[in-house]
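# Remarks on the overall topology
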Amino acid sequence: MGKNYFTEKQQEQLRNNPYIERVSEKAITYTTEFRKKFATEYEAGRLPSIILRDMGIDPQLLGKRRIDTITRRIKKFSLRAEGFEDTRKNNSGRPSTKQLSEQEHIAYLEHQVKYLKQENEFLKKNQFSRQTSRMGRKAKATPEEKFRLIQEMISRDNNELNLSWLCELARVSRSGYYNWLNSKDKRNEKDARDKADFDLILKAYMYRGYDKGRRSIYMRLLHMGVRMNQKKISRLMKKFNLFCPIRKANPYRRMAKALKTDAVSDNLVQREFSEHGAGKILLTDITYLFYNHGCKAYLSVIKDACTKQVLAYVLSESLEVDFVLDTINMLIKNHKKSLQTDAILHSDQGCHYTSISFRQLLKDKELRQSMSRRGNCWDNAPQESFFGHMKDEI
């Protein structure tokens, strides 16, 4: 009707006009007599502004847009069978439940119950989470899965739900749903191709009896004479819910981290084993000794890197930390006087040598600790070589 609103003074002026039934800040309701007279004079060829002025209504007060709207509506009134009567109050939508009979009221309530049940069922299914994967993760549903759920609800004989409402709740477009319905043949062809390609992926996945990731599958497919893009492999594995389990962390390493026993010392020796003289660089390690057809013992040895002399050793039937500590105590007991004041004990990064009790014992005995780099046996080469020669000779 226009952006200009009526002031209180203008509303009072319009209310005093006999051709106006009601007036508010935004709108005017005209009487049936006004509509009849306006239509008669308009058909006679008179201008709307002149007609309004003759009926005591200022055309400038209404504005051009309101005058055009009045003219258009009265033209429609003149074509109606009901005439110029305002029938809007008689056509206000669904009748009130108070006006229904007892049977009609029961039927209405049954309809409401059926609608609410279907709505509640859709809301439960509308969690839209795909099947939980082998890794325990939940992935968001694809639009295709949402369209299938909507189709299931719509195709029911007793469906009461509206398609637009279902699409809005699923956060998909209605046009997308119809496009999905019309592309059924193409979708079936693509599914058939994907199934054939997935069979090749599954064959490569199961090769030699262990699970593989997309890169290993890609390499295996190349050996099978099939070149397939890694992105396609990932897409098909996700589509058919095929996952490669991630290797679990070493439980002993996780335990060491939980106990904060994974402290690693710097490599102070730097492979300078004999440059500093006797009693300066001490090397230690643990080796396995097999005997009596499968029995196993563990040998902890401390060796002088310069003189190649074994200063202490302890044999144990288990890998408990105590026998490593006993080796240190034996060293101090038998050779404390021959050690230099700043002697260094060098080892690998095994859990025995990173444990709190071992580090504390070295600190109490005033020995400095040094460790090889991870996975680098050359940093403790004399000790490793000693074990090798010992096992060859014995």
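Residues numbered from 1 in each chain as written. Predicted model: local features only at pLDDT ≥ 70, side-chain atom pairs only at ≥ 80, totals over all residues. Heavy atoms only, no water.

### Remarks on the pairing of strand β4 (residues 295-304)
- With 8 of its 10 residues buried, β4 lies for the most part within the structure.
- Pairing between strand β3 (residues 281-291) and β4: 10 bridges, direction antiparallel. Bridge pairing in β4 places Asp285 opposite Val301.
- Adjacent in sequence and paired antiparallel, β3 and β4 are bridged by 3 residues, among which Asn292 carries a positive phi angle near 55 degrees.
- The pairing of β4 with strand β5 (residues 310-316) spans 6 bridges and is antiparallel. (Buried < 20%, exposed > 50% of the residue type's maximum accessible area, 1.4 Å probe, protein only. Helix = DSSP H or I, 4+ residues; strand = E, 2+ residues; numbered from the N terminus. Pairing = 2+ DSSP bridges.)

### With respect to the packing of helix α6 (residues 102-125) against helix α7 (residues 143-154)
- For the pair α6 and α7, the least separation of the axes is 11 Å and the interaxial angle reads 165 degrees. Between α6 and α7, the crossing angle belongs to the class labelled roughly antiparallel. With respect to the hand of their crossing, α6 and α7 are arranged in right-handed fashion. Residues Gln118, Glu121, Phe122 and Lys125 of α6 lie in contact with α7, whose contacting residues are Leu149, Ile150, Glu152 and Met153. (Axes fitted to C-alpha atoms, helices over the stretch in contact; angles between N-to-C directions. Parallel < 35°, antiparallel > 145°, perpendicular 65-115°, else oblique. Left-handed = near helix turned anticlockwise from the far one by under 90°. Contact = heavy atoms within 4.5 Å.)

### Describing the pattern of salt bridges
- Counted by the stated rule, this structure contains 16 salt bridges.
- Note that Arg373 is salt-bridged to Asp379, the shortest N-O span being 2.9 Å.
- Since its relative accessible area comes to 1%, Asp379 is described here as buried. (Salt bridge = Lys/Arg side-chain N within 4 Å of Asp/Glu carboxyl O.)

### With respect to helix α16 (residues 356-364)
- Taken as a whole, α16 has its buried residues at Phe358, Leu361 and Leu362. The arc that holds every buried residue of α16, seen down its axis, measures 100 degrees, which confines them to one face. Residues Ile356, Lys363 and Asp364 are exposed on α16 and point more than 90 degrees away from its buried face.
- Buried residues along α16 sit in contact with α14 (322-335), β6 (344-347), α15 (351-354) and β7 (368-371).
- Remark: Glu366 follows α16 within two positions and exhibits a positive phi of approximately 60 degrees. (Arc of directions from axis to C-beta.)

### Regarding the nonpolar core
- Ranked by size, the top nonpolar core spans 22 residues in total, and within it Leu282, Ile328, Leu331, Leu339, Leu345, Phe358 and Leu367 carry the most contacts.
- Contributing elements (two or more residues each) for this core: β3, β4, β5, α14 and α16.
- Per-element tally for this core: the top contributor is α14, with 6 residues.
- Ignoring anything within four residues of it in the chain, the contact list for Leu282 reads Ile302, Lys303, Asp304, Leu311, Leu331, Leu339, Ile344, Leu345 and His346.
- Judged by nonpolar contacts, the second largest core, of 21 residues, contains Leu14, Met55, Ile57 and Phe77. (Core = buried A, V, L, I, M, F, W, Y, C linked by side-chain atoms within 4.5 Å.)

Functional significance is not addressed by these values, which are geometric in nature.
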